[in-house]
Amino acid sequence: MILNLESSTACCSAALTDEGQILEERIEREGMNHARLLAPFADDCMAYLRSREGHLDAVAVSIGPGSYTGLRIGLSLAKGLCMGMNVPLIGIPTLQILAVKAMFKSFDWEGDELLVPMLDARRMEVYTAVYNFRLEALEEPHPLILEADSFKKYLDAGKKLIFIGEGAAKYEQLLPASGQVVYMPEIIPTAAGMMALSEKYLREGRFLDTAYSVPDYLKDFQATVPKNRVIEEARGGNVGK
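Throughout, a residue's number is its position along its own chain's written sequence, starting from 1. Confidence filtering applies because this is a predicted model: local features only for residues at pLDDT of at least 70, side-chain atom pairs given and counted only at 80 or more, and all residues used for totals across whole chains, interfaces and linings. As a rule here, side-chain values cover all heavy atoms of the structure and leave hydrogens and water aside.

Draft legend 1. Region of interest: the sheet that holds strand E4 (residues 58-64). One open sheet accounts for 5 strands, arranged E3-E2-E1-E4-E5; its pairing is mixed. Of all the strands in the sheet, the pair left with one neighbour each is strand E3 (21-28) and strand E5 (89-93). Averaged over all pairs of adjacent strands, the angle between their axes in this sheet comes to 20°, without regard to strand direction. As paired elements, E4 and E5 share 5 bridges and run parallel to each other. Directly across from Val61, in E5, lies its bridge partner Gly91. We call two residues in contact when some of their heavy atoms are within 4.5 Å. Every axis in this analysis is a line fitted to C-alpha atoms, fitted for helices over the stretch in contact. Angles between the N-to-C directions lie between 0 and 180 degrees. What counts as a helix is a DSSP run of H or I of at least four residues, what counts as a strand is a run of E of at least two, and both are numbered from the N terminus. Along the sheet, helix H2 (residues 68-85) contacts strand E1 (2-6), E4 and E5; its crossing angle with E4, the most-contacted strand, is approximately 160°. For two strands to be treated as a pair, DSSP must find no fewer than two bridges joining them.

Here you go:
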């Protein structure tokens, strides 16, 4: 049994899973309410576990990329639960969650398509990677400023590309859908969608260091100055003093 936690985007969710089954799930799809909701969602899943006198084998958490705040909240909660219950910690790459959900979304895939998950990183930038159907990375996760020919080499090679996630909607503005290009922007990372990967990681013993692991942000955090402060400083004001 695994408690899965996902908080990398505006969607916040927790799911208790066991051998391919979702036993309990809580999800809120709108708004950044992770600090308020994620712990109660986890508590609900653990209450279900206790009511069945079950034993938790691990806690899995979406490790990034994604929202800096959301990732910190998820990993902090996962670490606390692991330490309190003395179970291992599993970190699941967020982009792989999207890729796997796309795999299971249709039975019509040939299997030689390339999966390109995309998370919004503001403006025309996304966090992305390129995977085959064995989930081998042709391109490791990285930030990318989108241009029409960003994936030209794969298209020129005759590959069919499946663009997945909220960031994919940005790219569709530059490269319309076609017989070679498919868009699935409706797919979002969720705790239940982590199940296949978290069970695989558990079987393989792929655990994080509970004390020292950190989210995979891909980019350094950049604090922004509130707009009203910028205006006041331009006028020679002393906001905040």
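Draft legend 2. View of the packing of aromatic side chains. The pairing test for Phe, Tyr and Trp rings, Trp by its six-membered ring, is centres within 6.5 Å, and the orientation test on the planes gives stacked under 30 degrees, edge-to-face over 60, and tilted for anything in between. Inspection of every chain in the model, using the stated rule, returns 5 aromatic pairs. With centroids separated by 5.3 Å and ring planes inclined at 70°, the aromatic side chains of Phe151 and Phe163 adopt a geometry described as edge-to-face. With Phe151 in the loop between strand E8 (137-145) and helix H4 (152-156) and Phe163 in strand E9 (residues 161-164), the pair connects residues that are 12 residues apart, well separated along the chain. Take Phe151: its relative accessible area is 1%, and that puts it in the buried class. Relative to Tyr171, the ring of Phe151 lies with its centre 5.5 Å away and its plane at 70°, an arrangement referred to as edge-to-face. Taken together, the residues Phe151 in the loop between E8 and H4 and Tyr171 in helix H5 (residues 168-172) connect sequence positions 20 residues apart. A connected cluster of aromatic rings, assembled from ring pairs, spans Phe151, Phe163, Tyr171 and Tyr183. Any Lys NZ or Arg CZ that is within 6 Å of a ring centre and within 35 degrees of that ring's normal is treated as a charge sitting over the ring. Sitting over the ring of Tyr201, Arg206 keeps its end group 4.0 Å from the ring centre. In this scheme, a residue with accessible area under 20% of its type's maximum is buried, one over 50% is exposed, and one in between is partly exposed, where area comes from a 1.4 Å probe on protein chains only.

Draft legend 3. Expanded view of helix H3 (residues 94-105). A helix is expected to span 1.5 Å multiplied by its residue count minus one. End to end, H3 covers 17 Å across 12 residues, agreeing with the expected 16 Å (1.5 Å per residue, within 8%). Judged by how many residues are buried, H3 sits mostly within the fold: 9 of 12 residues are covered. Within the span of H3, buried status applies to Thr94, Leu95, Gln96, Ile97, Leu98, Ala99, Val100, Ala102 and Met103.

Draft legend 4. Main features of the pairing of E1. Along E1, 5 of the 5 residues are buried, which leaves the element largely enclosed by surrounding structure. Residues of E1 alternate between two faces, with Ile2, Asn4 and Glu6 on one and Leu3 and Leu5 on the opposite face, all of them buried. As paired strands, E1 and strand E2 (residues 12-18) are joined by 5 bridges and run antiparallel to one another. The partner of Asn4 across the bridge, within E2, is Ala15. Between E1 and the antiparallel strand that follows it, E2, lie 5 residues. As defined by bridge partners, E1 adjoins E4 across 4 bridges and the pair is classed as parallel. Its bridge partner lying in E4, Leu5 is registered against Val61.

Draft legend 5. A look at the pairing of E5. The buried count for E5 comes to 5 of 5 residues, which makes it a mostly enclosed element. Burial along E5 is two-sided: the residues Leu89, Gly91 and Pro93 and Ile90 and Ile92 are all buried.

Draft legend 6. Region of interest: the environment of Leu98. Examined against the element boundaries, Leu98 turns out to sit in helix H3. What makes Leu98 buried here is its relative accessible area of 0%. C-alpha separation for the pair Leu98 and Ile188, spaced 90 residues apart in sequence, amounts to 6.5 Å.

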